[in-house]
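Residue strings, one per chain:
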Amino acid sequence: VYMGIAQTVNLPAASSYDGRGILIYNTGSFVITVDSNASEVIVRDGTAQTGGVSFTLSTGAGNYVTLISDGTRWITLGYKGTLAEGS
């Protein structure tokens, strides 16, 4: 998903993406918010967040985050930039 504006990416249900991944790429100076599906957990840089909590990808062209679903939660595999806990 190439993001050319500041906005929120709503992740699909992890159960429907088991074993599949998503790459979110920032094309400019935009803050991108990544929101879990309902109360699902996102494992951000090795730390499981509270269910339903989003995170942000920092501004900067070329910043990205890759996530994979294990069928229950979304897990970050790699990123460039800063991933900050959201709300």
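Anything mentioned here points back to the structure above.
Note that the structure is predicted; figures quoted are calculated from it, not measured. (Residues numbered from 1 in each chain as written. Predicted model: local features only at pLDDT ≥ 70, side-chain atom pairs only at ≥ 80, totals over all residues. Heavy atoms only, no water.)

What about the sheet that holds strand 6 (residues 47–48)?
- Overall, mixed pairing links the six strands, which are arranged 1-3-8-9-5-6 in an open sheet. A strand with exactly one partner marks an edge of an open sheet, and here the two such strands are strand 1 (2–3) and strand 6.
- Judged from the two bridges that link them, strand 5 (residues 42–44) and strand 6 form a sheet pairing that is antiparallel. Among the inter-strand pairings, Arg44 is bridged to a residue of strand 6, identified as Thr47. (Pairing = 2+ DSSP bridges. Helix = DSSP H or I, 4+ residues; strand = E, 2+ residues; numbered from the N terminus.)

What about unusual backbone geometry?
- The phi angle at Ala38 is positive, at roughly 55°, despite the residue not being glycine.
- With respect to the helices and strands, the residue Ala38 is situated in the loop between strand 4 (32–35) and strand 5.
- On the accessibility criterion, Ala38 (63% relative accessible area) is exposed. (Buried < 20%, exposed > 50% of the residue type's maximum accessible area, 1.4 Å probe, protein only.)

Focus on the packing of aromatic side chains
- If you walk through the whole model with that rule in mind, you get two aromatic pairs.
- Ring centres 5.8 Å apart and planes at 50° place the aromatic pair Tyr17 and Trp74 in the tilted group. Placement of Tyr17 in the loop between strand 2 (8–10) and strand 3 (21–26) and of Trp74 in strand 9 (residues 74–80) is noted, with a sequence separation of 57 residues between them.
- Under the relative-accessibility criterion, Trp74 is labelled buried at 0%.
- Against the face of Tyr17 rests Arg20, its NZ or CZ located 4.3 Å from the ring centre. (Phe/Tyr/Trp six-rings, centres within 6.5 Å; stacked < 30°, edge-to-face > 60°. Lys NZ or Arg CZ within 6 Å of the ring centre and 35° of its normal.)

Quick word on the pattern of salt bridges
- For the coordinates displayed, the defined rule picks out two salt bridges.
- The partner of Glu85 in a salt bridge is Arg44, and the shortest N-O contact between them spans 3.7 Å. Of the two residues, Glu85 is situated in strand 10 (residues 83–85) and Arg44 in strand 5; the sequence distance between them amounts to 41 residues. (Salt bridge = Lys/Arg side-chain N within 4 Å of Asp/Glu carboxyl O.)

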